[in-house]
Each structure stands twice: as C-alpha cells, then as structure tokens.
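Below are the chains, spelled out letter by letter.
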Amino acid sequence: MKSEKFRRQVADSMVNVAISAEEVHKINLATDAYEKARAIFKVDKHSGGNAKLAVRGCIKINKLQAKEMESVQDYVSAISHRSKVCQLLDEENRTIPSCQQQVKIAYLHAENDDYAKSVEVLHAAIRRLHKGVKSVDYMASNRVNLLVRCHEMQAICYVKSKKWNDAVDQYDEVLSLILKKEGQGGKQYNSVLIRKSALLVMTGNYVMATPTINKYLKNAEHSDQDLIVDDLDHALALDTNAATHIKLNEVDEAISVFERKLAFVKTLPNNHQMKSDTMHKLGCLLANDNQLESALPLLDEALRTKKHIYDGKHKSVLKTTWAVAATNHMLGNNDKALEHYSILLDNMANIEDMPVDAAVIQHSAGKLFFETGKAMKAVDTFRRALQGAKTSDNPQLESEITLNLANALSGQEKMDEAMELYDQLLNTKSLKKTKISFTTRFNKCLLLIKMGEVDEAKEMLHKMEENPSSMANHVRGSIFLTLGNLAVSDGDIDEAMEYFDHALDEADDDDVSALVYTKRSIAMAQLDIRQYDTAISTLEDVLEDISYSDADGKSVNLLKAEIWNSLARVYRKRGDLQQAIDFARLALQTYKTDLGEKNPITLRNLTNLQLLLLEEAEELEDYDDAKSVTDAAKCELEDTLNVFESLDYPWTYLLDIATLKINMGLLAVWEGKHKKARKLVSQLEEIELPLEHSLVHCIAFLEECLEELELAGKVKDADIKKQKKGSNRKSKGGSQRSSRKSKRR
C-alpha cells in the first residue's frame, strides 16, 4: 500500500480537482473527487487543512444536488442528498446545521404527502435539540428558533393528517417556547395564536377557540403598531373571530367583524380573491339574517369578481352562484333566481364534485318552479332531486323533497300519486312527531278537501289541533285558519270567527304573512254575510298593520296586492264598481312590477280586471263608450289567453284557459256572436274536468245561454224570411205590372 504521505498528496490533488471542477460546474466530477479525498483523509484520520475542505465540499455539492432535484420535484433524490448532508454534519458534530437539514428533509416528506415520515424526522430533530440541554431556559436562541420551527411543522403535518388534538398540542408547545423567548406581544406568538384558534374553529372546539382568538385581539388592541402580524394572518383572525360569534348566535357581531374585514381587505394590493371571498361570506350571513336587500349587492359583486378570476365552472364561482340564486329566490326576484339556478343545473352533468349538494340545488329550483306555477317542471326537478338525496344518503333532505313533490303533484291534480307520497311520509317511523310529519298531515288535509273528502279532513285537522306537541306549533295557526274557512263554506260564520281568533293567537307578532291571511279570511267571512263596511274596515286595518311592520320588499308588496284584490271584491259586492276597479288596477300594477307581466298570477288578475270593466260597460248609457270598453277588454282577454297557451307546459294552466274561454264565450253571447261562442264551447268540451268541478257548471251555463241565443236567432231568422217572402211577392207583382205597362207603351 502506498505511504501515508503519498495518499495525502493524492487526496490534496483530488481536492484541487474538485475545486476546479466545481468552478466550471462539472458537479459529478467534483462530487467524485471530494468523496475520494474525504475517504482518504478519513482512513488516515486527518482533520485539518484540505481534509476539512473535502468534507465541506461534499456537503456543499450534496446541497446543490438536493436543490437541483427539488427544482424538478424529484423529492426522493433530494431527500437522499439531504440525508447525506446530515450524515456529514453529524460527523463534524455540527448539531444545529444537521437539525436544519432534518427540517428540510421533513418538509420534502410532507411534499410527498408522507406526513407520518415527516413527523418522525421532526421528532428526531427535536430530541437532538434537547440533548445535552437541561432546560429550554438555558438553550441558545438559534436552537430555540429551530425547535419552534420543528413544532410548527409537526402541527401542520398533524393538521394534514387530520390528527387535530396532536396539532393543538404542538401549537401549545410552540406558544410556550415563544412566550419564554419574547413574550406574548410579538409577531410570531400572535401568528401561532391565530392559527391555533382557526384550527380549533375548524374542529368545532369553540369553547377553546373563543378565548384564544380574543387573546390575539386583546394583544392587538394594546399594541402600538397598526398590526402585530402579517396581513394574511390578521385576515384569518377576523374570519375566526366571526366564526366564534356565529357559533354563539351573535349574528350582529359577526356581521360587524366581516364588515371590518372587508374594509381591511380593500386596502391590500392584489386583493380580488380575498375581497370576493369576504363579500361572499358577508352576503351569506346577511341573507341568513334576512337582510336580503343588503346581501344581494355584495353577492352580485362577489360573483362578478370571481368570474374575472376563475373559470365559470370553478367551485368558488358555482358556490357564489348558488348564494345569488337563493337570495334572489327569497327576495322574489324569480327571473334572476331561475337564471342562476339554470346555470347550476346545467353544470351538474359536467362537474363531479359540486361545491353544493346537487340535490339541494334541484330542490330549491323545484320549489321556485312550483311557486311560479310551473307545476310540471317542478315535479320533474323534484324527482331528480329525490334521486340525488337517496344516492347521497340524506334522509332529512329526502323527506323534505318527498313532501314538496307531493305538494307539486297535488297542484297538478295528480291526487292519487300525491296521496301515496303523503302516506309514505306519515308511515316513516323516524319522522313520527316531527315538524315534517305535522306539515305532511296538514297538506294531506288540504288535498282531502280538494278531493271533496271534507269530513275526513276536518277530523284530521281537529286531531292535530288538539295535539299538545310543540312540533305541531308551526302549523297550528294554519289549522285554525283552514277550519275557519271550512266553517265559512258551511255558513257557520260564528264558528269561523272563533277559529280565526285562534289563528291570530297562534301567529307571531312579526309573522306579517300569517296575520294578513287570517285577517283577510275574517274580512271575506264578513263579506259573506254582507257586512261590507266591516269587511272594508278589517282590510284597511290590515294595510295599516303592514305599513307599521318592519317587513319590506317584494313579499310585502305582494301581501298588499292580496288585500287590494280583496277590497276590490268587497266593493264590487257592495255595488261600488269604480272603487273595485281602482283597487284591482292597484293590485295588478304591483303584480306586473314584482312578478312580471307573464306570471300566471299577474295574468289571472288582469283577467279579473277585464271582467270588472265589462260589468262597468254594461252600465254605461252611451253605446260608443260601452263598445270602446268592451272591445278593449275583449282584446286583453284574448291576449291573456294567448299568453297562457304559450307558457311552458300549458296543460298546467288548463283551469285558467278554461275560465278565460268561458268568459270569452259569455261575452260572445252577450254580443250576439253565436258562432264564436259555439267555437269556444267546442274547445271547452275537449278539456277534461272533474264532474264536480265548479267550471263544469259554468260551461253548462254558457251552453244554456248560447242555446237561448241560437233559438232566438232561429226565430228571428224565420221572421226575417217571412218578411222577405212577403216583400218579394209585392216586388214581383209590381215588376210584372210595370212590364205590362211597358209592353202597352
């Protein structure tokens, strides 16, 4: 074997070769040369001079190779090089640099989603940092800083692994270390405090989260600086603070926090993403607090901003689209709501992981279709929603959808299928004595009344009325209102008034809708017994109640329109046709503004107004004036019929179409146009109606009137023919005499 001196000369030469190769970026050559030199020096136990250069060169080259592997995301190779660096540093007894490499290795394991291995490496580093040190109090600051970093990284790994309690323990370790090092007023301590509180909120531990985030807020309040943490950490703190207020049902406080966050975020550069997210959260919170008018502009702006940042199918965009749709729905902006629901429904087929449950979206869209009179489309949407709820194993949502599907089928006159679904819900054991059970039972009663099974419905309503369960409280007022209306139908006004009083007692003071509909029923009962002035007074009181309530928006406008319609009915019965027309016009204008001109409710009110105008025309003495009103009303009725027939699923509006054709037929009879009337009667005969339906009787009345007209026409025609025949004879004789005279001439 060569002498030690010779080997040292070779090792020195290798070091020089490595340095030269490194200078010209020949990394592989430099690596081999440094390794060979280090091996020789290690055998000969040389530690000075070039021996140190060889070790440092090996360390440096492996670090460079690790960085190169990291840049191409080859984390396995990078970990191998970092591990080599650790080994070399350990041989040099350089504990702190070695632990720093272990932290980087742990980070690379986390990048590979191997959080367990990352925690293992960090744990080893923590043990080494504690080795030989009696207490953290005697630990050097650079060692403490590294220890803090290790615990922080362990906390993050535990969060990624969903080991929440372990993560909280690590954050507690970090806070304890920082507190000893610099106190609780510094940036690092408060940043960790915020992250811990956010983790506690995420895990639902609000008991610990609330004092933790409040501690940060208190530290921030007493600080001389504007912010004691980074901008993003402060924004996270405000989110966390709002979440704790929401959990405690302190909605106003939560809204205030989000408003502060929005104002703060607007001051940050490149804030579009965070600003849109904050507007979304604030808008949703306001909407849930029924501050819909304030919520909608925020949600609209959030959606516009997100559409500029993301693709239209991005989860964040779809989530805000859902919020905009739901808020418009609650506000009664049905066209806008349908537009956004349609976007969500169209995207369902193309997006696997929707941010909102597809069944929830379909359920809400189905409710809107049903509310806007699109019963067939509602049924179809509810069926798809029901299938989705069954697939996702959501029994609560499944029962709600089933109930709404039954209601839609009932509205579509599919009585048997609706009844089957109601009974299915009532026979579900898990729903016994729940709110949905009592709602189902009440809706079944309404269907029984519709089917003419009034006695059975009354029996069920009385049993529900007597049920002491608090779960029935939400329908108790409706039960009394229904029983009152049935008593009115039976002619028992005194009993009806008792039920209406009970209904008023059950209504909450802030439930404007319940109060309005109950008092309206009282007024209609008073109308039935011809107490016109009393009925008018009752309805005027209702309008005053609405004006004094805190409620506003479209729903309140529609309630007013209901009352104006009722006033129109009362004034018509009292014989004050002009007042009736004025109130009908007022109601119609509201429906046009808030529901749209083609909404079925608007169209029905337009029809009612034309019938009032036709009554007015009958009373006009001037023929031209009467004809002008009649022609205008006739045009409106024809246009309304055309609109109904052009709507989606026109068979949904068969009763409306039949009613219009009956009235147009009667108008044709009144005008003496028997052919037009006969054509309308023929069209009505093609519409299938239940024999007991009131419209069947109306059609029969129209036919009687038409037959009378046709009979009168035949008699008149016979008289005219006789007159013409006599006239012809005279005319013929005259012409013959004239001819004879002519001949004589």
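Use the structure listed above.
Q: Can you explain the side chain of Thr590? Please cite residues and give values.
A: Relative to the elements of secondary structure, Thr590 occurs in helix α28 (residues 577-595). In this structure Thr590 comes out as buried when scored by relative accessible area, which is 13%.

Q: So, a positive patch on the surface: which residues are in play, and what are the values?
A: Together, Lys52, Arg56, Lys63, Lys67, Arg94, Lys104 and Arg149 make up a positively charged patch on the protein surface. Sort the elements by how many residues they give to the positive patch and helix α3 (residues 50-71) lands first, with four residues. Examined against the element boundaries, Lys104 turns out to sit in helix α5 (residues 95-111).

Q: Could you give an account of the nonpolar core, with specific residues and numbers?
A: If you look at the biggest cluster of nonpolar residues, it comprises 65 residues, and the most contacted ones within it are Tyr341, Ile361 and Phe500. Looking at this core, the element that brings in the most residues is helix α23 (residues 473-489), giving eight residues. The contact partners of Phe500, leaving out residues within four places of it in the chain, are Leu481, Gly484, Asn485, Val488, Thr518, Ser521, Ile522 and Ala525. Core analysis: the second largest hydrophobic core is formed by 51 residues, Leu108, Leu122, Val168 and Leu175 among them.

Q: Give a description of the pattern of salt bridges that names residues and reports values.
A: The tally for this structure, following the rule as stated, stands at 26 salt bridges. With a shortest N-O distance of 2.8 Å, Lys261 and Asp239 are connected by a salt bridge. Linking Lys261 in helix α12 (residues 251-265) with Asp239 in helix α11 (residues 231-247), this pair joins segments that are 22 residues apart in sequence. A relative accessible area of 2% means that Lys261 is categorised as buried. Overall, the relative accessible area of 18% leaves Asp239 in the buried class. Linked through salt bridges whose partners overlap, the residues forming this network are Asp239, Lys261, Asp277 and Lys281.

Q: Describe the packing of aromatic side chains, listing the residues and the values that go with them.
A: One pass over the full model with this rule turns up three aromatic pairs. Consider the rings of Tyr571 and Phe583, whose centres lie 5.6 Å apart with planes at 10°: the pair is stacked. Placement of Tyr571 in helix α27 (residues 554-574) and of Phe583 in helix α28 is noted, with a sequence separation of twelve residues between them. For the pair Tyr571 and Phe583, one class covers both residues: buried.

Q: Can you lay out helix α8 (residues 164-182) for me, pointing to particular residues and giving the numbers?
A: Residues spaced three or four apart along an α-helix face the same direction, because each turn holds 3.6 residues. Along its 19 residues, α8 runs 27 Å from first to last C-alpha, staying within 8% of the 27 Å computed at 1.5 Å per residue. Burial in α8 covers these residues: Ala167, Val168, Gln170, Tyr171, Val174, Leu175, Leu177 and Ile178. Of the surrounding elements, those touching the buried residues of α8 are α7 (141-160) and α9 (187-202). Just past α8, the residue Gly183 takes up positive phi, approximately 85°.

Q: Requested: an account of the side chain of Ser364, with residues and values cited.
A: Structurally, Ser364 can be placed in helix α17 (residues 358-371). Overall, Ser364 belongs to the buried group, its relative accessible area being 11%. Apart from the residues within four sequence positions on either side, Ser364 is in contact with Trp322, His329 and Tyr341.

Q: Quick one: what's the story with the environment of Ala472, residue by residue and with numbers?
A: As for its position among the elements, Ala472 is in the loop between α22 (454-466) and α23. On a C-alpha basis, the gap between Ala472 and Lys433 in space is 8.2 Å, while along the polypeptide they are 39 residues apart.

Q: Can you explain unusual backbone geometry? Please cite residues and give values.
A: Of note in the backbone geometry, Asn270 takes a positive phi value of approximately 50° without being a glycine. One non-glycine residue with positive phi stands out, namely Lys433, at about 60°. The exposure class of Lys433 is exposed, given its relative accessible area of 66%.

Rules of the game
- Residues numbered from 1 in each chain as written.
- Predicted model: local features only at pLDDT ≥ 70, side-chain atom pairs only at ≥ 80, totals over all residues.
- Heavy atoms only, no water.
- Helix = DSSP H or I, 4+ residues; strand = E, 2+ residues; numbered from the N terminus.
- Buried < 20%, exposed > 50% of the residue type's maximum accessible area, 1.4 Å probe, protein only.
- Patch = residues over 30% accessible without salt bridge, like charges linked within 9 Å, V, L, I, M, F, W, Y side chains within 5 Å.
- Areas by Shrake-Rupley, 256 points an atom, 1.4 Å probe, with all protein chains shown as cover.
- Salt bridge = Lys/Arg side-chain N within 4 Å of Asp/Glu carboxyl O.
- Lys, Arg positive; Asp, Glu negative; His and termini not counted.
- Charge placed at Lys NZ, Arg CZ, Asp CG, Glu CD.
- Core = buried A, V, L, I, M, F, W, Y, C linked by side-chain atoms within 4.5 Å.
- Contact = heavy atoms within 4.5 Å.
- Phe/Tyr/Trp six-rings, centres within 6.5 Å; stacked < 30°, edge-to-face > 60°.
- Expected span 1.5 Å × (residues − 1).

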